[in-house]
Amino acid sequence: MDGRNGPSNPYELTDETPVYVISVAAQLSGLHPQTLRQYDRLGLVCPDRTAGRGRRYSARDIQLLREVQRLSQDDGINLAGIKRIIELQTQVAALQAKVVELQQALEGAAVAMRQREAQVHASYRRDLVPYQDVRASSAIVVWRPDRRG
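It should be emphasised that the depicted structure is a prediction, and the values quoted were computed from it without experimental measurement. (Residues numbered from 1 in each chain as written. Predicted model: local features only at pLDDT ≥ 70, side-chain atom pairs only at ≥ 80, totals over all residues. Heavy atoms only, no water.)

## What to know about helix 2 (residues 33-42)
Then step 1. Those residues of helix 2 that fall on the buried side of the exposure criterion are Leu36, Tyr39 and Asp40. Projected onto a plane normal to the axis of helix 2, the buried residues spread over an arc of 100° and lie on a single side.
Then step 2. Those residues of helix 2 that are buried lie in contact with helix 1 (22-29), strand 1 (48-49), strand 2 (55-56), helix 3 (59-73) and helix 4 (79-122).
Then step 3. Of the residues one or two after helix 2, Gly43 is the one with positive phi, at around 85°. (Buried < 20%, exposed > 50% of the residue type's maximum accessible area, 1.4 Å probe, protein only. Helix = DSSP H or I, 4+ residues; strand = E, 2+ residues; numbered from the N terminus. Arc of directions from axis to C-beta. Contact = heavy atoms within 4.5 Å.)

## Details of the environment of Asp75
Then step 1. With respect to the element layout, Asp75 can be found in the loop between helix 3 and helix 4.
Then step 2. With a relative accessible area of 43%, Asp75 lands in the partly exposed category.

## Quick word on the nonpolar core
Then step 1. Leu36, Leu44, Tyr57, Leu65 and Val68 are the most contacted members of the largest nonpolar core, which totals 15 residues.
Then step 2. Counting residues per element, the ones that place at least two in this core are helix 1, helix 2, helix 3 and helix 4.
Then step 3. Take this core: its biggest share by element is 4 residues, from helix 3.
Then step 4. In contact with Tyr57, other than residues within four places in its own chain, are Thr17, Pro18, Val19, Tyr20, Val21, Ile22, Ala25, Leu36, Val45, Pro47, Ile62 and Leu65. (Core = buried A, V, L, I, M, F, W, Y, C linked by side-chain atoms within 4.5 Å.)

## Looking at the packing of helix 3 against helix 4
Then step 1. As a packed pair, helix 3 and helix 4 sit with axes 10 Å apart at the nearest point and diverge in direction by 135°. Considering their axes alone, helix 3 and helix 4 lie oblique with respect to each other. Here helix 3 and helix 4 pass one another in a crossing that is right-handed. Contacts from Leu64, Val68, Leu71 and Ser72 in helix 3 reach Ile82, Ile85 and Ile86 in helix 4. (Axes fitted to C-alpha atoms, helices over the stretch in contact; angles between N-to-C directions. Parallel < 35°, antiparallel > 145°, perpendicular 65-115°, else oblique. Left-handed = near helix turned anticlockwise from the far one by under 90°.)

## Considering the pattern of salt bridges
A pair can form between side chains of opposite charge whenever their charged atoms are brought close.
Then step 1. Under the criterion given, the structure shown has 7 salt bridges.
Then step 2. The shortest N-O distance in the salt bridge between Arg60 and Glu16 comes to 2.4 Å. Residue Arg60 is found in helix 3, and its partner Glu16 is found in the segment before helix 1; the two are separated by 44 residues along the sequence.
Then step 3. Taking relative accessible area as the criterion, Arg60 reaches 41% and is therefore assigned partly exposed.
Then step 4. Owing to a relative accessible area of 10%, Glu16 belongs among the buried residues under this scheme. (Salt bridge = Lys/Arg side-chain N within 4 Å of Asp/Glu carboxyl O.)

Printed below as a string of structure tokens:
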């Protein structure tokens, strides 16, 4: 269930549920609130917004903030590079989901084909004898008409 698409139960909390205000998100991620605002402006971590335009961060957003900080501080990647990494990770996840969807569709089509094939085989008339082309055979048949009559 994707929390951004809306949970089936309105009170159900998922990793995608936007619940943290910016000060709490900053504290949980170990970053300054101004850093969170900058990341939002740059499109690195874009939290949901309330009706009054206040930012609301989800647990997944907090995890992403920590990852951005790790990539920046530990790996020395600049913010443009981090943004590209995040975009590519999102694209890979979407493609993986599409592959799973297509595999399921393919499996469904294969099952339907096998069922249809079984129906066709079940409809065969059993009183018929398969035809074998004599031209393809190397057998010789000798016929001698009865000369007595």
